[in-house]
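Architecture at a glance
Below are the chains, spelled out letter by letter.
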Amino acid sequence: MAIFYYLIFPGFLFATIAGLLTAWFDRKVTAKVQWRKGPPILQNFYDIFKLLIKEVTIPDTANPTIFLLVPAIALSAASVATAMLGVVNMNWSYTFVGDLIVLWYIMSIPSIMIIIGASASGNPLSSIGASREMNQLIGYELPLVIILATIIFKVGSIGLGDILAYQSVNGPILYSISGVIACIVMIICLQAKLGLVPFDIPEAETELGAGAFMEYSGVALGAFKLTKAILLYTSPIFIITLFWGGIHIHGLGILWAILKYVLFIALFTLIRNTNPRLRIDQSVRFFWITMTILALIAFILMSIGY
Amino acid sequence: MKETIIPIGPFHPLLEEPELFTLKVDGETVVDVDVRIGWNHRGIEKLSQGLTWDQVPFLIERICGICSTSHPYACVLAMEDILDIKVPPRAQYIRPVVGELERIHSHLLWLGLAGHFIGYNTVFMWAWKYRELTLDSLEKLTGNRNHYAMFKAGGVRRDFSQEAMDFTMNAMNETEKALNMFLGVVSDDPVLHKRLKGVGVLTYKDAIEYSAIGPTSRPSGVDHDVRRDDPVDAYGPSFDKGVWKPIVLEDGDVFAKAACRILEMFESVKIIRWCIENIPDGEIDAGVKEIPAGEGCGHYEAPRGEVFHYMRSDGSNYPVRHKVRAPTYNNLPTFKATCPGAHIADVALITASIDPCYCCTERVGVVDNLGTKHILTEDDLTKLSVERTLDVRKKLGKITWNPYAKLL
């Protein structure tokens, strides 16, 4: 059963399809905002299939083992994260102590793999991309951990199932002042985690080519693209699980769940389309000062009962 | 940290045209920058000498897809300088309309690209959407979206129809609304302020020192605009009546350059409106039959700065010499003043901020392996060409005698 959860539903296969459809939705909304037509619904599938049959080139300067291993690890980490979230949402009792922390670790693995892979490629532009990714990771982790701490203190448990159970009894965490502030900080931090504008600094196309992904091709690049798509699908579910009572896949609950999901995806897309890219120093300062202060305010408000 | 060298180009997603920037970086900070051009030399000046006076403007138009009015404008002004004539009044009003429409579409194109360079693709798409209005007007007025083929010595080739002029007036109203929106976006968005303000500052002194021109120098406080300083056609009377004014700003950073271009578009809209409202009836062509011996210069304020053409005639059907100086040629060296000290992330923006046009600029230059650059004289070129010819002949095994021996 665990293998079914991991590989088929709600893990790898389902997450791949849902992730690519989400990526299509993101592209389509972007196109509408920009007065373009946008791609057909299967475009992202075509892209991935094309990458799967392309040749993988390994640069002479690269360390081939690490270079090729890294996308596989990133992809499996993303699948594990999405499977964990999905299973917990299906049945709250499928939780264990500290799975929120484990989930958070696993969701950080793709970023770390991008850093390692870019460093292993031996390309100067990639190495700049890697150093930016690292800076950015250090930047957004701080406010995010404060937000997670806020939720953990409010619920009194570090289990995802407990958080969901708490919300079904006491109402979603989002329905409070501290919850709204925490959710906003969370959305912005995940925007950086997903590498979307204004935080697409590590792969800034017009500055670094593709930055960290510059030397990747074929299946390896496809794996990274899939990782991004799966994370794009997982992030709104992560927010909904923590703040909005999770996803119920029974009866009318599924419509409500899709509505919540689409709302968050649309938010990500709109933020990405109405902002220019920040510089890396500005981004880190933004997270360490503005976002951290907001996260602390949320923490204090929560602890005094708002 | 060790200094790293980052090459941008000759072929790079950032660049529309081949050119090479070599950045020396220390971490994320740029220490030095080297610009090399010469990847796209097409020998326009030489080609021009093989064409008749009537054909030359068609060729000159194709120097650049964006300044396809500015080059012919300066070129026919040079021819008219040799002829020493004035074009008929109606043509004097038609020319600035085409010129200013080109300025609007060029600046909107730049605005979109600048948005793209800082990852703001929505601005990219919106600017290009509103650029369509201008291109549609140009198509109605001249028959072409680009390469208008309007200019000839002594006048213009096509007359404006009343319907096209009405269409243009409406399009200008729409464009002005869009420009107001863009001005609002640039002046209100806090993230844009963060990215653009204080970045790549070109001081007044540097602007003068590097002979920067056009919208690269005016935001630094250099009050220079060929349309006002040496007025031709309807530019003189419209400026005297206070219809428009050159935009001169103080800061010299990328923000000022963007603001300068947006404000210039408003002035262009005013010029177009005034010209269409006041256009007189009459002939559009002075009927020039031949160009006498002599030499002449013409210059015009292209969207990127002053473009300069020199032509010499010996009274035959063909120009003897045609020299082009495009604005980017002057603006390129300012990178030496603006790039060092900037972030890598900002270099893309700074290089874009002069609105470089390399196909206009390319001149003969040779880069050897040691990295020093020679400008070749005519003698050098002759020698090189002779050597090359001999080389080819040797390879073909056909060399029997050497007629060029005395040249080498």
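Right above here is the structure, for reference.
Residues numbered from 1 in each chain as written. Chains lettered and ligands numbered in written order. Predicted model: local features only at pLDDT ≥ 70, side-chain atom pairs only at ≥ 80, totals over all residues. Heavy atoms only, no water.

1. Focus: the overall build of chain A
As a reminder of what qualifies: Per the convention used, a helix needs a DSSP run of H or I reaching at least four residues, while a strand needs a run of E reaching at least two, with both numbered from the N terminus. Buried means the residue's accessible area, taken with a 1.4 Å probe over protein chains only, is under 20% of the maximum for its type, while exposed means over 50%, and partly exposed covers the values in between. Whether two residues are in contact is decided by their heavy atoms, any of which lying within 4.5 Å being enough. Reported accessibility uses the Shrake-Rupley method at a 1.4 Å probe radius. Residues are deemed covered only where the shown protein chains occlude them. Charge convention: Lys and Arg are scored as positive, Asp and Glu as negative, and His as well as the terminal groups of each chain are ignored. In plain terms, the charge of a residue is placed at NZ if it is Lys, CZ if Arg, CG if Asp and CD if Glu.
Along the backbone of chain A there are 12 helices and zero strands. Listed by position from the N terminus, the elements making up chain A come as α-α-α-α-α-α-α-α-α-α-α-α. Dimensions of chain A along its principal axes, counting C-alpha atoms only, are 55 × 45 × 40 Å. The proportion of buried residues among the 306 residues of chain A is 57%. Across chain A, every contact between residues at least 6 apart in sequence was considered, and the portion connecting residues at least 24 apart equals 79%. In the form shown here, chain A has an accessible surface area of approximately 12,600 Å², with 74% of it arising from carbon and sulfur atoms. In chain A, 17 side chains carry a positive charge and 14 a negative one; their mean positions are 10 Å apart.

2. Re the interface of chain A and chain B
Counted only if it meets this: By buried area we mean how much accessible surface two parts lose on assembly, using a 1.4 Å probe and totalling the loss over both. Throughout this description, the term salt bridge denotes a Lys or Arg side-chain nitrogen within 4 Å of a carboxyl oxygen of Asp or Glu. Counting of polar contacts relies on pairs of N or O atoms within 3.5 Å, with two restrictions inside protein: one atom must be capable of donating a hydrogen and the other of accepting it, and residues adjacent in sequence are counted only when both atoms are side-chain atoms. Classification used: nonpolar for Ala, Val, Leu, Ile, Met, Phe, Trp, Tyr, Cys and Pro, charged for Asp, Glu, Lys and Arg, polar for all others including Gly.
Opposite the 23 residues of chain A that make contact, chain B presents 28 residues. In total, chain A and chain B occlude about 2,500 Å² of area from one another, counting both sides; carbon and sulfur atoms represent 60% of this. Considering only the surface of chain A that becomes buried against chain B, A:Trp35, A:Thr206 and A:Arg279 emerge as the three largest contributors, covering 26% of it. For the interface between chain A and chain B, the tally reads one salt bridge. A salt bridge links A:Arg279 to B:Asp346; the shortest N-O distance between them is 2.7 Å. Counting the contacts that link chain A with chain B gives eight residue pairs in polar contact (both at pLDDT 80 or more). The dominant element in the side of chain A that touches chain B, judged by the number of residues it contributes, is helix α6 (residues 124-155) of chain A, at four residues. Partitioning the side of chain A that touches chain B into residue classes produces nine nonpolar, seven polar and seven charged.

3. Side note on the side chain of B:Asn330
All names here are of chain B. Here Asn-330 shows up in helix α12 (residues 327-331). Judged by its relative accessible area of 14%, Asn-330 falls in the buried class. A polar contact is formed between the side chain of Asn-330 and the backbone oxygen of Ser-211, at a distance of 3.1 Å. Setting aside anything within four residues of it in sequence, one finds Asn-330 in contact with Tyr-210, Ser-211, Ala-212, Ile-213 and Arg-325.

4. Quick word on helix α6 (residues 162-188) of chain B
Inclusion rule: By this rule the span expected of a helix is its residue count minus one, scaled by 1.5 Å.
Along its 27 residues, α6(B) runs 39 Å from first to last C-alpha, staying within 8% of the 39 Å computed at 1.5 Å per residue. Residues of α6(B) that are buried: B:Ala164, B:Met165, B:Thr168, B:Met169, B:Ala171, B:Met172, B:Thr175, B:Glu176, B:Ala178, B:Leu179, B:Phe182 and B:Val186.

5. Quick look at the sheet that holds strand β3 (residues 29-36) of chain B
Residues and elements named next belong to chain B. Worth spelling out the cut-off: Only strands that DSSP links by at least two bridges are regarded as paired with each other. Orientation is described by axes fitted as lines to C-alpha atoms, over the contacting stretch for helices, and by angles from 0 to 180 degrees between their N-to-C directions.
In spatial order, the strands read β1-β2-β3; together these three strands make up an open sheet with antiparallel pairing. Unpaired on one side and paired on the other, β1 (3-8) and β3 mark the two borders of the sheet. Strand-to-strand twist of the sheet, defined as the mean angle between neighbouring strand axes without regard to direction, takes the value 20°. Pairing analysis gives six bridges linking β1 to strand β2 (residues 20-26), with the strands arranged antiparallel. Paired with Glu-3 across the strands is Asp-26, a residue of β2. Across the sheet, helix α14 (residues 344-353) is in contact with β1, β2 and β3; its angle to β2 comes to roughly 150°.

6. Describing a nonpolar patch on the surface
Residue and element names in this part refer to chain A. Put simply, the rule is: What goes into a patch is any residue over 30% in relative accessible area without a salt bridge, connected to like charges within 9 Å or, for nonpolar side chains (Val, Leu, Ile, Met, Phe, Trp, Tyr), within 5 Å.
The grouping of Met-1, Ile-3, Phe-4, Leu-7, Ile-8, Leu-13, Ile-17, Leu-21, Ile-41, Leu-42 and Tyr-46 at the surface amounts to a nonpolar patch, some 1,000 Å² of accessible area in total. Residue assignment for the nonpolar patch shows that the elements contributing at least two residues are α1 (2-7) and α2 (12-33). Positionally, Leu-7 belongs in helix α1.

7. Some details on the environment of B:Ser70
All names here are of chain B. Mapping Ser-70 onto the fold places it in helix α3 (residues 70-83). Taking the C-alpha atoms as reference points, Ser-70 and Ala-302, separated by 232 residues in sequence, lie 5.2 Å from one another. Those residues in contact with Ser-70 that sit more than four places away from it in its chain are Glu-102, Tyr-300, Ala-302, Pro-303 and Val-307.

8. What to know about the packing of aromatic side chains
Residue and element names in this part refer to chain A. As a reminder, the rule being used: Side-chain rings of Phe, Tyr and Trp (the six-membered ring for Trp) are treated as a pair once their centres are within 6.5 Å; stacked means planes under 30 degrees apart, edge-to-face means over 60, and tilted covers the remaining angles.
Applying the stated criterion to the full structure yields 27 aromatic pairs over all chains. Where Phe-14 meets Tyr-233, the ring centres are 6.0 Å apart and the plane angle is 80°; that geometry is what we call edge-to-face. Of this pair, Phe-14 sits in helix α2 while Tyr-233 sits in helix α10 (residues 218-243), and the two are 219 residues apart along the sequence. The class of Phe-14 is partly exposed, set by a relative accessible area of 33%. Judged by its relative accessible area of 8%, Tyr-233 falls in the buried class. Between the aromatic rings of Trp-244 and Phe-264, the centroid separation amounts to 6.0 Å while the plane-to-plane angle is 90°, which identifies the pairing as edge-to-face. Here Phe-264 lies in helix α11 (residues 253-273) and Trp-244 lies in the loop between α10 and α11, a separation of 20 residues in the sequence. With respect to class, Trp-244 is no different from Phe-264; both count as buried.

9. Some words on the pattern of salt bridges
Residues and elements named next belong to chain B. Within the structure shown, the criterion is met by 30 salt bridges over all chains. A salt bridge links Arg-90 to Asp-281; the nearest nitrogen and oxygen atoms lie 3.5 Å apart. Of the two residues, Arg-90 is situated in helix α4 (residues 89-117) and Asp-281 in the loop between α11 (254-277) and β6 (294-302); the sequence distance between them amounts to 191 residues. Assessed through its relative accessible area of 71%, Asp-281 is described here as exposed. One salt-bridge network, held together by shared partners, links Glu-100, Arg-103, Arg-218, Asp-225, Arg-227, Glu-264 and Glu-301.

10. Focus: the packing of α2(A) against helix α3 (residues 43-52) of chain A
Residues and elements named next belong to chain A. Rule in force here: Oblique is the label for any angle not covered by the other classes, which are roughly parallel (under 35 degrees), roughly antiparallel (over 145) and roughly perpendicular (65 to 115).
At a minimum axis separation of 8 Å, α2 and α3 run at an interaxial angle of 120°. Overall, the two elements α2 and α3 adopt an arrangement that is oblique. From α2, Ile-17, Leu-20, Leu-21, Ala-23, Trp-24 and Arg-27 reach across to α3, where they touch Gln-43, Asn-44, Phe-45, Asp-47 and Ile-48. Here the residues of the contact of α2 with α3 sort into seven nonpolar, two polar and two charged.

11. Here's the deal with unusual backbone geometry
Peptide bonds are, in most cases, trans, and in most cases residues other than glycine have a negative phi. The linkage connecting A:Phe9 with the following residue, A:Pro10, adopts the cis geometry, with an omega of 0°. A cis geometry characterises the amide bond from A:Val197 onward to A:Pro198, with omega recorded as 5°. Mapping A:Pro198 onto the fold places it in the loop between α8 (177-193) and α9 (205-208). The phi torsion at B:Asp84 lies on the positive side, around 60°, for a residue other than glycine.

12. Quick word on the side chain of B:Ser68
Residue and element names in this part refer to chain B. When you line up the elements, Ser-68 lands in the loop between α2 (56-61) and α3. Given the relative accessible area of 1%, Ser-68 is considered buried. Once residues within four sequence positions are removed from consideration, Ser-68 is found in contact with Glu-61, Glu-102, Asn-146, His-147 and Tyr-148.

13. Focus: the environment of A:Ile151
Residue and element names in this part refer to chain A. You can see Ile-151 is positioned in helix α6. Given the relative accessible area of 2%, Ile-151 is considered buried. Through-space distance from the C-alpha of Ile-151 to that of Ile-258 is 23 Å; in sequence the pair is 107 residues apart. For Ile-151, the contacting residues outside a window of four places in its chain are Gly-156, Ile-163, Ile-173, Leu-242 and Phe-243.

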